[in-house]
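Below, each chain spelled out in residue letters.
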Amino acid sequence: MAIRGLIFDLDGVLVDSARYHFEAWKKLAASLGIDFTLEQNEELKGISRADSLKKIMNWGGLELSDQAFSDAMERKNTWYLELIQGMSPKEALPGSRAFIESAKGTYGLALGSASRNARSILQRVELLSFFDALVDGNDTNRSKPDPQVFQLAAERLGQKPEECVVFEDAVAGVQAAKAAGMRVIGVGAPDVLHQADAVIDGFSGFGPKEMERRLMAV
Ligand code: BG6
Ligand code: MG
């Protein structure tokens, strides 16, 4: 099936923000007396703010009242926003802008992110205007690995799932794309993202032709 739509995750795919999420969650967890590892952090990638906090509480065996829960989410987001305050186009991951520029026009381009900060981040890195459709954490009520975010993105592009390719750095995101019936290119380590149809370590030197070639047999 021909590829007509490209759906991009944001954090860790287009923008170097995954490390800031990690840092802010680490600080929040520490304030609750919980520590977690880089390995556990892989499980937080792609997961909504609320579901991430639930996972951390679970790891620490902690229960919080509704009020303390929403206070904790707000504190994490405040720290995260402080960390990305000075974000500029330099924080777009290497090659991501060039890839998007060369794909524009040939494919419909959509964002499929769990982040509620997605729109303002795309604005800061000056990528917002390239997108034909945006789906973020404000549009969904089910976290990846649920396919909702990508299904909605394909719908907004007016394309069938089989015509779409997803770019993802999170295990949960790769699973969500597969559950949506889409092809998926993992951005990161092949051993972590082994469920993806192909894995790249970033967009440097990677273009739409290479994408078509890598997915030809899939
Ligand atoms: C995802 C990130 O893109 O967005 C997660 O991978 C993050 O780490 C989630 O928790 C929600 O982001 P935000 O900006 O709404 O807190
Ligand atoms: Mg991501």
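### A short note on the coordination of the magnesium ion (ligand 2)
Protein-derived ligands of the magnesium ion (ligand 2) are Asp 9 (OD), Asp 11 (O) and Asp 169 (OD), with the metal-ligand distances lying across 2.0 to 2.2 Å. All donors to the magnesium ion (ligand 2) come from one chain, and their sequence spacing reads D-x1-D-x157-D. Highlighted residues: Asp 11 in the loop between β1 (5–8) and α1 (18–31) and Asp 169 in the loop between β4 (164–168) and α8 (171–179), separated in sequence by 158 residues. Summarising the burial analysis for this pair, Asp 11 and Asp 169 share the class buried.

### Digging into the packing of α1 against helix α4 (residues 66–83)
Two numbers describe how α1 lies on α4: the axes approach to 9 Å, and their chain directions differ by 140 degrees. Classified by the interaxial angle, the pair formed by α1 and α4 is oblique. The handedness of the crossing between α1 and α4 comes out as right-handed. Of α4, the residues touching α1 (which contributes Tyr 20, His 21, Glu 23, Ala 24, Trp 25, Lys 27, Leu 28 and Ser 31) are Ala 72, Arg 75, Lys 76, Trp 79, Tyr 80 and Leu 83.

### So, the site of ligand 1
Neighbouring residues of ligand 1: 15 residues in total, closest Asp 11, Arg 49, Ser 115, Arg 116 and Asn 117. Contact between ligand 1 and Asp 11: an oxygen atom at 2.7 Å from a side-chain N or O atom of the residue. One of the backbone nitrogen or oxygen atoms of Gly 46 is found 2.8 Å away from an oxygen atom of ligand 1. Within the complex, 96% of the 390 Å² of free accessible area of ligand 1 lies under protein. Given that more than half its atoms are within 2 Å of the pocket grid, ligand 1 belongs to the largest pocket. Counting only elements with at least two residues in the shell around ligand 1, the list comes to α1 and α3 (49–60). Of the residues contributing to the shell around ligand 1, the split by class is four nonpolar, six polar and five charged. Residue contributions to the shell around ligand 1 reach at least three from each of two domains, namely domain 1 (5–16 + 89–215) and domain 2 (18–86).

### Brief notes about unusual backbone geometry
Going from Lys 144 to Pro 145, the amide bond is cis rather than trans, its omega being 15 degrees. Inspection of the secondary structure puts Pro 145 in the loop between β3 (133–135) and α7 (148–157).

### A look at the domain arrangement of the protein chain
Size of an interface: often given as the accessible area lost when the parts come together. On domain assignment, one finds that the protein chain holds domain 1 (5–16 + 89–215) and domain 2 (18–86). Buried surface at the junction of domain 1 and domain 2, both sides included, amounts to about 1,300 Å², of which 45% is carbon and sulfur. Joining domain 1 to domain 2, the criterion identifies two salt bridges. Put simply, domain 1 and domain 2 have eight residue pairs in polar contact (both at pLDDT 80 or more) between them.

### Notes on the pairing of strand β5 (residues 183–187)
A large share of β5 lies buried, amounting to five of its five residues. Neither face of β5 is left uncovered, since the one carrying Arg 183, Ile 185 and Val 187 and the one carrying Val 184 and Gly 186 both have all their residues buried. Judged from the four bridges that link them, β4 and β5 form a sheet pairing that is parallel. In the strand pairing of β5, Val 165 is matched with Arg 183. Two elements, β5 and strand β6 (residues 198–200), share three bridges in a ladder whose sense is parallel. Looking at β6, one finds that Gly 186 is bridged to Val 199.

Definitions and limits used
Numbering of residues starts from 1 in every chain and runs along the sequence as written. Chain A is the first chain written and ligand 1 is the first ligand written, with later ones labelled in order. Where local features are concerned, this predicted model is filtered to residues with pLDDT of at least 70; where side-chain atom pairs are given and counted, the filter is 80 or more; whole-chain, interface and lining totals use all residues. Think of the side-chain values as coming from all heavy atoms in the structure, minus any hydrogens and water. Note that water is not among the atoms used; donors are N, O and S atoms within 2.8 Å of the metal (3.2 Å for Na, K and Ca), so sites may look incomplete. Helical segments are the DSSP runs of H or I of at least four residues, strand segments are the runs of E of at least two, and each set is numbered from the N terminus. Here's how the labels work: a residue is buried when its accessible area is under 20% of the maximum for its type, exposed when over 50%, partly exposed in between, all with a 1.4 Å probe on protein chains only. To obtain an axis, a line is fitted to C-alpha atoms, over the contacting stretch when the element is a helix, and the angle between two such axes runs from 0 to 180 degrees between their N-to-C directions. Any angle between 65 and 115 degrees counts as roughly perpendicular, while under 35 counts as roughly parallel, over 145 as roughly antiparallel, and the rest as oblique. Take the far helix as your reference; a near helix turned counterclockwise from it by less than a right angle gives a left-handed crossing, and one turned clockwise gives a right-handed crossing. Contacts are assigned to residue pairs with any non-hydrogen atoms lying within 4.5 Å of each other. A single heavy atom is enough: if one lies within 4 Å of a molecule or strand, its residue is considered near that molecule or strand. The term polar contact refers here to a pair of N or O atoms within 3.5 Å; inside protein, the definition further demands a hydrogen-donor-capable atom paired with an acceptor-capable atom, and it admits residues adjacent in sequence only when both atoms are side-chain atoms. Method for areas: the Shrake-Rupley scheme with a 1.4 Å probe, in which residue coverage is limited to the protein chains shown. Only protein atoms enter the calculation, which uses a 1 Å grid: trapped sets of points that fit a 1.4 Å probe without letting it out are cavities, open sets showing protein on both sides within 12 Å along at least five of seven lines are pockets, and any residue with an atom within 4 Å of a point is a lining residue. Molecules are considered to sit inside a cavity or pocket once more than half of their atoms lie within 2 Å of its grid points. Each residue gets one of three labels, nonpolar for Ala, Val, Leu, Ile, Met, Phe, Trp, Tyr, Cys and Pro, charged for Asp, Glu, Lys and Arg, and polar for the others, Gly among them. Each domain's limits were defined by an automated method or a database of domain assignments. When two components associate, each loses some accessible surface as probed by a 1.4 Å sphere; the sum of these losses over both components is called the buried area. Within this document, salt bridges are pairs made up of a side-chain nitrogen of Lys or Arg and a carboxyl oxygen of Asp or Glu, the two lying within 4 Å of each other. Two strands make a pair as long as DSSP finds a minimum of two bridges between them.

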